[in-house]
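# What the coordinates show
Spelled out, the chains give:
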Amino acid sequence: MDKGSVDYNKTIEELVEFCKDSGRIDQNLYVTYDVKRGLRDSNGRGVLTGLTEILLHMM
């Protein structure tokens, strides 16, 4: 199968669709298992973060 041929392009399109279908995550699972999406709470608001300074003292 030559790159750029009709058969090649058809195979690539089929593989792309397979990846899209098999890679989907059921949106209800985020709620069921309380999974956060990045730094967002379940309402879509950003979570609070802060900076911490750690001082090391040499003895």
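This text gives an overview of the structure that appears in the document.

Definitions and cut-offs
Residues numbered from 1 in each chain as written. Predicted model: local features only at pLDDT ≥ 70, side-chain atom pairs only at ≥ 80, totals over all residues. Heavy atoms only, no water. Helix = DSSP H or I, 4+ residues; strand = E, 2+ residues; numbered from the N terminus. Buried < 20%, exposed > 50% of the residue type's maximum accessible area, 1.4 Å probe, protein only. Areas by Shrake-Rupley, 256 points an atom, 1.4 Å probe, with all protein chains shown as cover. Patch = residues over 30% accessible without salt bridge, like charges linked within 9 Å, V, L, I, M, F, W, Y side chains within 5 Å. Salt bridge = Lys/Arg side-chain N within 4 Å of Asp/Glu carboxyl O. Contact = heavy atoms within 4.5 Å.

Take the overall build of the protein next. A tally of regular secondary structure across the protein gives two helices and zero strands. By the burial criterion, 0% of the 59 residues in the protein qualify as buried. Surface summary for the protein: the accessible area is close to 6200 Å², and the carbon and sulfur share equals 57%.

Once that is clear, we can look at a nonpolar patch on the surface. A cluster of nonpolar side chains, contributed by Ile25, Leu29, Tyr33 and Val35, occupies part of the molecular surface with about 410 Å² of accessible area. Looking at where tyrosine 33 falls in the secondary structure, it is placed in the segment after helix H2 (27-32).

For tyrosine 8, the position within the fold is in helix H1 (residues 6-22). Judged by relative accessible area, tyrosine 8 falls into the partly exposed class, the value being 26%. What tyrosine 8 contacts, discounting residues up to four positions off in sequence, is Met1, Asp2 and Lys3.

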